[in-house]
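This is what each chain is made of:
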Amino acid sequence: MKGETLYRPYEIEWKEMQHFPKTTKRNNFFELIYVIEGTGIQIVNKNRFNYRKGNLFLLTPQDVYSFDIATPTTFFFLRFNELFVKEKTGKDKDAVNQVEYILQNASHRPGCILKNKVDKPLIASLIESILNEQTNQQLYYNRITGQIVDTIITIVARNIALKLPKNVKENTGEPVLEILQYIQENIFDQGNLRAENLSDHFNISPNYLGRYFKKQTGETLQSYIVNYKLRLVETRLLHSDMRINEIAYELNFSDESHLNRVFKKYKGMNPSEFRKTNNTN
């Protein structure tokens, strides 16, 4: 299976299509595809998703994909490789590692990756700005385009890092997405994550909040908070030099022993073993 190779850090293309070429190739780069206009079906690794205007898709080097176009569709393509990420994040090694980790662990399922609702109009505006820069080609247009591309990739990484529960789909009700976003924004503030405070913030009774969250996401509120915290613990173990007690303090575990117990319960090993095993691998 022969794929394409991207020799530049990134490239941009946009065009209207009535038929999308069938592909079975794998490439050496990431590809962001934004739907400017049109409808149809996205197919990734034999999975299908109905697409429409405003959807943004991330294809990783491992993905095999195509589109069944229902109405003429204008696609915006942004292809980039790891070199671009490393150049744009400069000397911040932790930022480089974390963005690469997020992108490499992106879900290979179909669907729009924009789960944070405030990012949807932002992405639309940024892509429009790129199109304007590339069309008008005024002074420094390539430099400006590169900075916008960097911002888009960072927003994509943020949406992937949000890691919504697997039961949350494109048509999931907006309230649960707001709850998830609130939890992620307040993950370092234990007080704001208490059920009574969540209930007050969203004006929902504590009992109904728990039932609603479980119905929409497939897991309990407390389980989601713990799992999200543990994903942050994993990131710090893999991509920072923080000590275990520092991580425990940052994420509001009572002490290092508490973090060890919870981590081992969910992950099957303690944090030190996890760091040693994965750094070795």
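Residues numbered from 1 in each chain as written. Predicted model: local features only at pLDDT ≥ 70, side-chain atom pairs only at ≥ 80, totals over all residues. Heavy atoms only, no water.

If you look the protein chain up in an unreviewed UniProt entry, it shows as Helix-turn-helix transcriptional regulator from Sinomicrobium weinanense.

Visitor: Please explain the overall build of the protein chain as it appears in this structure.
Guide: A tally of regular secondary structure across the protein chain gives 11 helices and 5 strands. Across the 281 residues that make up the protein chain, the buried fraction comes to 44%. Put simply, 68% of the contacts in the protein chain that link residues at least 6 apart link residues at least 24 apart. Approximately 15,400 Å² of the protein chain is accessible, and the part contributed by carbon and sulfur atoms is 47%. (Helix = DSSP H or I, 4+ residues; strand = E, 2+ residues; numbered from the N terminus. Buried < 20%, exposed > 50% of the residue type's maximum accessible area, 1.4 Å probe, protein only. Contact = heavy atoms within 4.5 Å. Areas by Shrake-Rupley, 256 points an atom, 1.4 Å probe, with all protein chains shown as cover.)

Visitor: Which parts of the structure should I look at to understand the nonpolar core?
Guide: If you look at soluble globular proteins, the nonpolar side chains tend to sit buried side by side. Ranked by size, the top nonpolar core spans 32 residues in total, and within it I183, F213, L230, V233, F253 and L259 carry the most contacts. If sequence neighbours within four positions are ignored, V233 has contacts with I247, L251, F253, L259 and F263. In terms of nonpolar packing, the next biggest core, distinct from the first, is built from 25 residues, L114, I127, I155 and I160 among them. (Core = buried A, V, L, I, M, F, W, Y, C linked by side-chain atoms within 4.5 Å.)

Visitor: How should helix 7 (residues 206-217) be read in this particular structure?
Guide: Two residues of an α-helix separated by three or four positions point the same way, owing to the 3.6 residues in each turn. Between the first and last C-alpha of helix 7 there are 16 Å, a value that for 12 residues agrees with the 16 Å anticipated at 1.5 Å per step. Two residues or fewer past helix 7, G218 is found with a positive phi of approximately 85°. (Expected span 1.5 Å × (residues − 1).)

Visitor: What's the story with the pattern of salt bridges in this structure? I'm lost.
Guide: Where charged atoms from two side chains of opposite charge come close, those side chains can pair. In this structure the tally under the stated criterion is 9 salt bridges. Across the pair E234 and K267 runs a salt bridge, and its minimum N-O distance is 3.0 Å. Here E234 is found in helix 8 (residues 221-239), whereas its partner K267 is found in helix 10 (residues 256-267), with 33 residues between them in sequence. For E234, a relative accessible area of 11% translates into the label buried. The exposure class of K267 is partly exposed, given its relative accessible area of 32%. Put simply, R243 and E246 hold a salt bridge, and the shortest N to O gap is 3.2 Å. Because the salt bridges share partners, they merge into one network encompassing E11, E13, K15, E31 and R79. (Salt bridge = Lys/Arg side-chain N within 4 Å of Asp/Glu carboxyl O.)

Visitor: What's the story with unusual backbone geometry in this structure? I'm lost.
Guide: Residues other than glycine seldom take positive phi values, yet Y140 does so here, at roughly 65°. The class for Y140 is exposed, based on a relative accessible area of 51%. Even without being glycine, N203 reaches a positive phi, approximately 55°. Structurally, N203 can be placed in the loop between helix 6 (195-202) and helix 7. We classify N203 as exposed; its relative accessible area is 74%.

Visitor: Looking at this model, I keep getting lost on the pairing of strand 2 (residues 30-44). Mind explaining?
Guide: Two faces, one strand: in a regular strand the side chains alternate between the faces of the sheet. The element strand 2 is extensively covered by neighbouring structure, given that 11 of its 15 residues are classed as buried. Alignment of strand 2 against strand 5 (residues 65-80), held across 13 bridges, turns out to be antiparallel. What sits directly across from Q42, in strand 5, is F67. Pairing between strand 2 and strand 4 (residues 56-59): 4 bridges, direction antiparallel. Bridge pairing links Y34 to L56 in strand 4. Between strand 2 and strand 3 (residues 47-51), which follow one another and run antiparallel, lie 2 residues, and N45 among them has a positive phi close to 50°. (Pairing = 2+ DSSP bridges.)

Visitor: Whenever I open this one, a nonpolar patch on the surface confuses me. Can you help?
Guide: Together, L139, Y140 and I144 give the surface a local cluster of nonpolar side chains, amounting to about 330 Å² of exposed area. Looking at the secondary structure, you find Y140 in the loop between helix 3 (119-136) and helix 4 (141-162). (Patch = residues over 30% accessible without salt bridge, like charges linked within 9 Å, V, L, I, M, F, W, Y side chains within 5 Å.)

Visitor: What exactly am I supposed to notice about the packing of helix 8 against helix 10 here?
Guide: Axes are the key here: two packed helices are described by the angle between their axes and the distance separating the axes. Remark: helix 8 packs on helix 10, axes separated minimally by 11 Å, with the N-to-C direction vectors making an angle of 100°. Regarding the angle of helix 8 to helix 10, the classification is roughly perpendicular. Two secondary-structure elements touch here, helix 8 through V226, N227, L230, V233, E234 and L237 and helix 10 through L259, V262, F263, Y266 and K267. Classifying every residue of the contact of helix 8 with helix 10 by side-chain character gives 8 nonpolar, 1 polar and 2 charged. (Axes fitted to C-alpha atoms, helices over the stretch in contact; angles between N-to-C directions. Parallel < 35°, antiparallel > 145°, perpendicular 65-115°, else oblique. Nonpolar A, V, L, I, M, F, W, Y, C, P; charged D, E, K, R; others polar.)

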